[in-house]
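A look at the structure
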Amino acid sequence: MFAHLYIFALLTTVYGNPAPNRTMERRTATNVWPTAPTTSSLSKAMTIASGATFTPPVAYTRFDRGSGACKGQTEGGDSDAVFLLQEGATLSRVIIGANQAEGVHCLGSCTLDHVYFEDVCEDAITIKQTSSSAVSRINFGGAKNADDKIVQHNGAGTVIINSFYAENFGKVYRSCGNCGTQFTRHVQINDLWAVNGDVVAGINTNFGDTATIRTTQVDDVDDICVKYTGNDNGDEPVETGSGSDSKFCLYTSSDIKQL
């Protein structure tokens with residue numbers, strides 16, 4: 001008995017008092033998603049201030065922009081997003097519903113933590129950070145039904161995608177191929193589970209982009225990494241090849257598990 005009390009006291013000292021509803025967090029990509037307990041339809045994009053973290057009072061609340069917000073692949077702007085994240089902002093434990101056009105726009109470096117997109121309209125996440133040293137992180141979430149892209153990287157710097165589930169998509173990640181201002185961009189993808197899609201990562205080799213991919217499992221995905229020649233005049237970028245190499249698409253066969 002005394003041994004049990006000692007162990008309990010030690011665990012309490014190290015980890016804090018146990019909460020009755022505390023659950024073990026899964027730290028790998030999973031296709032088991034949370035169920036939204038309620039829905040909040042926003043009349044305009046919600047801005048998360050620089051350095052702030054937004055977690056809804058009820059975890060995994062579904063946020064959208066109301067019925068009819070999705071206009072297919074019509075390109076939208078910041079005003080069409082559900083959330084606008086300022087520099088250093090974090091969005092945590094929310095579900096983005098189908099009634100939206102643009103999902104989340106990161107105006108600077110940002111973090112998405114356990115954010116799930118039920119039905120992507122145009123793009124799920126747009127990265128607009130402008131510093132070459134900026135890093136945005138997408139952790140422990142997922143996206144379904146993206147006809148085009150899940151992560152659209154229009155700005156500079158690096159995007160790190162960890163433990164993410166993607167299903168029915170065009171591209172998980174795309175470095176902008178024809179933005180008016182172009183940058184060198186990098187993506188790191190770790191522990192991705194991708195099902196029924198075209199491309200995991202698309203990058204512009206002429207701008208020095210890289211895609212580093214590790215511990216990824218795919219099922220019915222056409223290409224892991226596709227290379228393009230990008231431009232800044234709005235023309236459709238030219239595809240120049242696909243597959244791993246030692247300079248741009250950085251992965252080996254052991255990094256990819258075919259399901």
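Before reading on, note that the structure itself is shown above.
In this report, we go over the structure that sits alongside the text. (Residues numbered from 1 in each chain as written. Predicted model: local features only at pLDDT ≥ 70, side-chain atom pairs only at ≥ 80, totals over all residues. Heavy atoms only, no water.)

Time to look at the overall build of the protein chain. Each helix and strand counted, the protein chain has one helix and 18 strands in total. Counting over 259 residues, the protein chain shows a buried share of 49%. Look at the contacts in the protein chain between residues 6 or more apart in sequence, and 60% of them connect residues 24 or more apart. Entry remark: accessible area of the protein chain is about 12,100 Å², with carbon and sulfur atoms responsible for 50%. (Helix = DSSP H or I, 4+ residues; strand = E, 2+ residues; numbered from the N terminus. Buried < 20%, exposed > 50% of the residue type's maximum accessible area, 1.4 Å probe, protein only. Contact = heavy atoms within 4.5 Å. Areas by Shrake-Rupley, 256 points an atom, 1.4 Å probe, with all protein chains shown as cover.)

So, on to the pattern of salt bridges. Inspection of the entire model under this criterion finds six salt bridges. Residue aspartate 78 is joined to lysine 128 by a salt bridge in which the shortest nitrogen-to-oxygen separation is 2.7 Å. Taken together, the residues span a long stretch of sequence, with aspartate 78 in the loop between β4 (61-64) and β5 (83-85) and lysine 128 in the loop between β9 (123-127) and β10 (135-139) at a distance of 50 residues. Aspartate 78 gets classed as partly exposed once you look at its relative accessible area, which sits at 27%. In this structure lysine 128 comes out as partly exposed when scored by relative accessible area, which is 27%. The salt bridge involving arginine 214 is made with aspartate 255; its shortest N-O contact spans 3.5 Å. Here arginine 214 is found in strand β14 (residues 210-214), whereas its partner aspartate 255 is found in the loop between β17 (249-250) and β18 (256-258), with 41 residues between them in sequence. Among the residues examined, aspartate 255 registers a relative accessible area of 14% and is labelled buried. (Salt bridge = Lys/Arg side-chain N within 4 Å of Asp/Glu carboxyl O.)

Time to look at the pairing of β4. With three bridges connecting them, strand β1 (residues 39-41) and β4 associate as parallel partners. For serine 41, the partnering residue across the bridge sits in β4 and is aspartate 64. Here three bridges tie β4 to strand β6 (residues 89-96), and the two strands are oriented parallel to one another. Looking across to β6, one finds that phenylalanine 63 is bridged to isoleucine 96. (Pairing = 2+ DSSP bridges.)

It is worth spelling out the environment of threonine 130 at this point. Residue position: threonine 130 is located in the loop between β9 and β10. Residues threonine 130 and asparagine 154, 24 residues apart in the sequence, show an inter-C-alpha distance of 8.8 Å. Those residues in contact with threonine 130 that lie beyond four places of it in its chain are Ala156 and Phe183.

Note that serine 109 resides in the loop between β7 (104-106) and β8 (110-117). In terms of polar contacts, serine 109 uses its side chain to reach the side chain of glutamate 87, at 2.4 Å. Sequence-distant contacts of serine 109, that is, excluding residues within four places in its chain, are made with Gln86, Glu87, Gly88, Ala89, Gln129, Ala134, Val135 and Ser136. (Polar contact = N/O pair within 3.5 Å; in protein donor to acceptor, adjacent residues only side chain to side chain.)

On to the nonpolar core. Counting residues in hydrophobic clusters, the biggest one holds 50 residues, and the most contacted among them are Phe83, Leu85, Phe117, Ile150 and Ile161. Once residues within four sequence positions are removed from consideration, phenylalanine 117 is found in contact with Trp33, Ile96, Gly103, Val104, Leu112, Ala124, Ile125, Gly142, Ala143 and Lys144. By size, the runner-up hydrophobic cluster in this structure holds nine residues, among which are Ala29, Ala36, Tyr60 and Tyr116. (Core = buried A, V, L, I, M, F, W, Y, C linked by side-chain atoms within 4.5 Å.)

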